[in-house]
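Here is what each chain is made of, one letter per residue.
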Amino acid sequence: MYALVLLWDEDCVGRELALAQMKRRIALILARFNVEPVDDCDPRPSGLFATGPPSDLLVRFTKLTV
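Nothing here was measured: the structure is a model prediction, and the numbers come from that model. (Residues numbered from 1 in each chain as written. Predicted model: local features only at pLDDT ≥ 70, side-chain atom pairs only at ≥ 80, totals over all residues. Heavy atoms only, no water.)

(A) Highlighting the overall build of the chain. Helix and strand content of the chain: one helix and two strands. When the helices and strands of the chain are listed from N to C terminus, the series reads α-β-β. Considering only residue pairs separated by 6 or more positions, the chain has 38% of its internal contacts joining residues 24 or more positions apart. Total accessible area on the chain is roughly 6200 Å²; 60% of this is exposed by carbon and sulfur atoms. (Helix = DSSP H or I, 4+ residues; strand = E, 2+ residues; numbered from the N terminus. Contact = heavy atoms within 4.5 Å. Areas by Shrake-Rupley, 256 points an atom, 1.4 Å probe, with all protein chains shown as cover.)

(B) Main features of the confidence of the model for the chain. Across the chain, the average pLDDT comes to 79, with 76% of residues at or above 70. Predicted confidence in the chain is weakest over strand S1 (residues 33-37), with a mean pLDDT of 89, and strongest over strand S2 (residues 59-63), with 91. (pLDDT = per-residue confidence, 0-100.)

(C) Here's a closer look at a nonpolar patch on the surface. Taken together, Ile 26, Leu 30, Val 35, Val 59 and Phe 61 make up a surface patch of nonpolar side chains, about 430 Å² in accessible area. For the nonpolar patch, the elements supplying multiple residues, two or more each, are helix H1 (15-30) and S2. Tracing the chain through its elements places Phe 61 in strand S2. (Patch = residues over 30% accessible without salt bridge, like charges linked within 9 Å, V, L, I, M, F, W, Y side chains within 5 Å. Salt bridge = Lys/Arg side-chain N within 4 Å of Asp/Glu carboxyl O.)

(D) Structural view of the packing of aromatic side chains. By the definition in use, this model includes one aromatic pair. Between Phe 33 and Phe 61 the ring centres are 6.1 Å apart and the planes differ by 85°, which places this aromatic pair in the edge-to-face class. Here Phe 61 lies in strand S2 and Phe 33 lies in strand S1, a separation of 28 residues in the sequence. What makes Phe 33 partly exposed here is its relative accessible area of 28%. (Phe/Tyr/Trp six-rings, centres within 6.5 Å; stacked < 30°, edge-to-face > 60°. Buried < 20%, exposed > 50% of the residue type's maximum accessible area, 1.4 Å probe, protein only.)

(E) View of H1. Compared with an ideal rise of 1.5 Å per residue, which puts 16 residues at 22 Å, H1 spans 23 Å between its outermost C-alpha atoms and is within 8% of the ideal. Among all positions in H1, only Arg 15, Ala 18, Leu 19 and Met 22 are buried. Looking straight down H1, one finds its buried side chains confined to an arc of 100°; they lie on one side. In H1, the exposed positions angled more than 90 degrees off the buried face are occupied by Glu 16, Leu 17 and Arg 24. (Expected span 1.5 Å × (residues − 1). Arc of directions from axis to C-beta.)

In structure tokens:
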């Protein structure tokens, strides 16, 4: 559902609000988990402009206890 938001025209009135809501939901999810690499590797950004993680990066989500 959220992936469709990225296909909208740049002139769409609700685009910025939808993107802000997605970022907030992702932040809320990540605040509840500890995210760490599965291997003892040093994950460094890759790609032409270093905009993303390596394609073979595996992560483990561990629920944080309150």
